[in-house]
Amino acid sequence: MIRFKKALRLLGLMVLVVFAAIGVGLNGGVPMPTANRKKDTIELLMESDDTDEDEAEEIDLKQ
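Here's a quick rundown of the structure.

About the cut-offs
- Residues numbered from 1 in each chain as written.
- Predicted model: local features only at pLDDT ≥ 70, side-chain atom pairs only at ≥ 80, totals over all residues.
- Heavy atoms only, no water.
- Helix = DSSP H or I, 4+ residues; strand = E, 2+ residues; numbered from the N terminus.
- Buried < 20%, exposed > 50% of the residue type's maximum accessible area, 1.4 Å probe, protein only.
- Areas by Shrake-Rupley, 256 points an atom, 1.4 Å probe, with all protein chains shown as cover.
- Patch = residues over 30% accessible without salt bridge, like charges linked within 9 Å, V, L, I, M, F, W, Y side chains within 5 Å.
- Salt bridge = Lys/Arg side-chain N within 4 Å of Asp/Glu carboxyl O.
- Expected span 1.5 Å × (residues − 1).

Broken down by element type, the chain carries two helices and zero strands. Within the chain, the proportion of its 63 residues that are buried is 0%. On the chain, roughly 7100 Å² of surface is accessible, and the fraction owed to carbon and sulfur atoms is 62%.

Taken together, the side chains of Met1, Phe4, Leu8, Leu11, Val15, Leu16, Val18, Phe19, Ile22 and Leu26 make up a nonpolar region of the molecular surface, amounting to roughly 1100 Å² of accessible area. Relative to the helices and strands, Ile22 resides in helix α1 (residues 2-27). A residue is classified by how much of its surface remains accessible, and Ile22, at 46% relative accessible area, is partly exposed.

With that settled, the discussion passes to α1. The end-to-end C-alpha distance of α1 is 38 Å, a good match for the 38 Å that 26 residues give at a rise of 1.5 Å each. With zero of its 26 residues buried, α1 lies for the most part at the surface. Taken from the residues just after α1, Gly28 is the one with a positive phi, measuring 90 degrees.

Put into structure tokens, the structure is as follows:
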């Protein structure tokens, strides 16, 4: 019975390895991230003309 359990465990491991190999073969594996890729360093600054008017209104309301 112990030999049967060992053989069954070994057979299960072999089946898992075969399934993994088939899955990698079909999907092509996991892509590795590149270390030298440039990061997005562009920052967009938006300025609106309404801020000056809003600030002027706030100053008038405070006085």
